[in-house]
Amino acid sequence: MTLLTIDDPVPPQPHGSLGAHPFLALGFRPFYLLGAAFAGVAVPAWTASYLGWQGMPRLDLLWHMHEMLFGFVIAIVIGFLYTAGRNWTGLWTPRGLPLAALAALWLAGRAAMALLPALPAAAIDVLFLPLASLPLYRVIRRSGNTRNLVMVVLLAVLATANAAYHASVLGLLPLSPMQPLYAAIVAVVVIESVLGGRVIPNFTANAVRGVRTTSDPRLEKLSLVLTALTGLAWASLPLSLPLALLALAAAAVQLVRMALWKPLCTLRQPLLWILHLSYAWIPLGFVLLALACFGWVPQSAAVHALTVGAMGGLIIGMVTRTALGHTGRMLRAGRLETAMYLLLQAGVLARLVAAFSAGPLRTAGLVTATLCWSLAFGLYCLQYGPYLFRARVDGREG
């Protein structure tokens, strides 16, 4: 049985024209679409600002990193966890008007970060993660499903990192704003590691005939511990030998873990290979981070392997797969899905070219990466927007 299949009988939807709209039936619907649309416009906006093509001084590097993590990625994570939380607990996560209110708060945070001064922007932005995490905590506690409380803990870590970022920008904390952003990157990688270890081998074993994937509980725990320690070191230490050793250890364990999931058996199934390939950017990103500690590669190469490669790739893979399943459609990737996956991976490579280059080649790499990224998420909005706005084709709720 897959992680996100819902089989339980469900109560009636909330009454009222807005509350009963299919778009608000479950968390993945608004947050997947809003997150994908934001990703498609925010990256070009930053690229244009960086290259001097438009004059919006607020759209600087810090804005770009913050909004990709605490805007785009968090929207997808919340949408996924609300949907998975319904399956884990048998209880309803926010839907109807409460879900609409949370989505509106997320949108307000994005507008505030782009348009308002730092203090009011921070006051609005820091509200979303605690308020979005609370309903998930409640349903997990009510159900006794304590195994998944780790997700709430990780969301609390992200909320703390976000608050620390704003405090740093406002001069209230004596640290670089980049440090909480690095911590947030690895916190998201830990979330990917937890969920990836559950769904990727499971999806693979279910879909590829004759393949048996394996998971070693000790290896699973070790990979999470090393990944978390790498994040703590990255956030608190300069690029150094201890950080390099931790990053290399985390990369090695993640690679061994991945090998047990039989990635080469998925090459003919895009819905599977996108997850395996995207997950592979995690160990590669840690290797690049270790090399950056020795001054052999730019640190931005590691950042973009872990963000564009791992986060972006896993997100495009999961928002297609789970949206298909939860709108009652066949789990099958067509040409558009495959195009999204290939565009995303091409964008990672172009962004790494930009990280290692200067002058016109860097500009070309940035523009190419931006076009690939925006096309991938633009195609998602065009193809999946109608799915997310309509009721399930199989007549079930959710």
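Definitions and limits used
Residues numbered from 1 in each chain as written. Predicted model: local features only at pLDDT ≥ 70, side-chain atom pairs only at ≥ 80, totals over all residues. Heavy atoms only, no water. Helix = DSSP H or I, 4+ residues; strand = E, 2+ residues; numbered from the N terminus. Rg over C-alpha atoms; globule rule 2.2 N^0.38 Å. Buried < 20%, exposed > 50% of the residue type's maximum accessible area, 1.4 Å probe, protein only. Areas by Shrake-Rupley, 256 points an atom, 1.4 Å probe, with all protein chains shown as cover. Contact = heavy atoms within 4.5 Å. Polar contact = N/O pair within 3.5 Å; in protein donor to acceptor, adjacent residues only side chain to side chain. Core = buried A, V, L, I, M, F, W, Y, C linked by side-chain atoms within 4.5 Å. Phe/Tyr/Trp six-rings, centres within 6.5 Å; stacked < 30°, edge-to-face > 60°. Lys NZ or Arg CZ within 6 Å of the ring centre and 35° of its normal. Axes fitted to C-alpha atoms, helices over the stretch in contact; angles between N-to-C directions. Parallel < 35°, antiparallel > 145°, perpendicular 65-115°, else oblique. Left-handed = near helix turned anticlockwise from the far one by under 90°. Nonpolar A, V, L, I, M, F, W, Y, C, P; charged D, E, K, R; others polar. Expected span 1.5 Å × (residues − 1). Salt bridge = Lys/Arg side-chain N within 4 Å of Asp/Glu carboxyl O.

An unreviewed UniProt entry lists the protein chain under the name NnrS family protein, with Massilia hydrophila as the source organism.

Here we come to the overall build of the protein chain. Secondary structure assignment for the protein chain yields 13 helices and zero strands. Helices and strands in the protein chain line up, N terminus first, as α-α-α-α-α-α-α-α-α-α-α-α-α. The C-alpha atoms of the protein chain give 20 Å as radius of gyration, which agrees with the globular expectation for 398 residues (21 Å, within 12%). The 398 residues of the protein chain split such that 57% are buried. In the structure as shown, the protein chain presents an accessible area of about 16,200 Å², 70% of it carried by carbon and sulfur atoms.

With respect to the helices and strands, P94 occurs in the loop between α2 (61–89) and α3 (96–115). Remark: the alpha-carbon pair of P94 and G27, spanning 67 residues in sequence, is separated by 6.8 Å. In this structure, P94 is in contact with G27, Y82, L99, L102 and P135, ignoring residues within four places of it in sequence.

Next up on the list: the side chain of N162. Inspection of the secondary structure puts N162 in helix α6 (residues 149–169). By relative accessible area, N162 is classed as buried at 3%. Ignoring sequence-local partners within four residues, the contact set of N162 consists of H66, F70, D125 and V126.

We now examine the environment of T227. Secondary-structure assignment places T227 in helix α8 (residues 217–236). With relative accessibility at 0%, the residue T227 sits in the buried group. The spacing of T227 and Y380 is 153 residues in sequence and 30 Å in space, taken between C-alpha atoms. Once residues lying within four places of it in the same chain are set aside, the contact partners of T227 are V186, V189, V190, S193, A250, Q254 and F286. Within polar-contact distance, the side chain of T227 engages the backbone oxygen of S223 at 2.7 Å.

Before going further, it helps to spend a moment on the nonpolar core. Membership of the largest hydrophobic core comes to 133 residues, with the highest contact counts inside it found for F31, F72, L158 and Y380. Per element, the largest residue contribution to this core is 17 residues, and it comes from α2.

Enumeration over the complete set of coordinates arrives at 14 aromatic pairs. Here W261 and Y279 contribute two aromatic rings whose centre-to-centre distance is 5.0 Å and whose plane-to-plane angle is 65°, an arrangement assigned as edge-to-face. Of this pair, W261 sits in the loop between α9 (241–259) and α10 (270–293) while Y279 sits in helix α10, and the two are 18 residues apart along the sequence. Classification of W261 as buried rests on a relative accessible area of 1%. Geometrically, the ring pair formed by F294 and W296 is tilted, given 5.0 Å between the ring centres and 35° between the ring planes. F294 gets classed as partly exposed once you look at its relative accessible area, which sits at 37%. Taking NZ or CZ as reference, R198 lies 5.6 Å from the ring centre of W88, over its face. In this structure, R321 is placed above the aromatic ring of F203, and the distance from its NZ or CZ to the ring centre is 3.6 Å.

This next bit is on unusual backbone geometry. Unusually for a residue other than glycine, K262 sits at a positive phi of about 55°. Inspection of the secondary structure puts K262 in the loop between α9 and α10. With a relative accessible area of 32%, K262 lands in the partly exposed category.

Now for the side chain of R257. With respect to the helices and strands, R257 occurs in helix α9. Here R257 falls in the buried class, since its relative accessible area comes to 1%. A polar contact is formed between the side chain of R257 and the side chain of E220, at a distance of 2.7 Å. Beyond its immediate stretch of four places on either side in the chain, R257 contacts S193, G197, L219, E220, S223 and Y279.

This paragraph deals with the packing of α2 against α6. To describe two helices that pack against each other, one gives the angle between their axes and the distance between the axes. One can describe the packing of α2 onto α6 by two numbers: an axis separation of 12 Å at closest approach and a directional angle of 160°. With respect to α6, the axis of α2 lies roughly antiparallel. Crossing handedness for the pair α2 and α6: left-handed. Between α2, through L62, W63, H66, F70, I74, V77, I78, L81 and W88, and α6, the contact on the second element is made entirely by M151, L155, L158, A161, N162, Y165 and H166. Of the residues assigned to the contact of α2 with α6, the class counts are 13 nonpolar, three polar and no charged.

Another aspect to go through is α6. An ideal rise of 1.5 Å per residue puts 30 Å on 21 residues; α6 measures up with 31 Å between its terminal C-alpha atoms. Phi for G171, located one or two positions after α6, is positive at around 80°.

This next bit is on the pattern of salt bridges. A full pass over the atoms with the stated rule returns five salt bridges. Across the pair R110 and D125 runs a salt bridge whose closest N-O atoms are separated by 2.7 Å. Within this pair, whereas R110 is found in helix α3, its partner D125 is found in helix α4 (residues 118–125), the two being separated by 15 residues in sequence. By relative accessible area, which is 6% here, R110 ends up buried. Close ionic contact of R257 with E220 constitutes a salt bridge, the shortest N to O distance being 2.7 Å. Here the residue R257 occupies a position in helix α9, and E220 occupies one in helix α8, the gap between them amounting to 37 residues.

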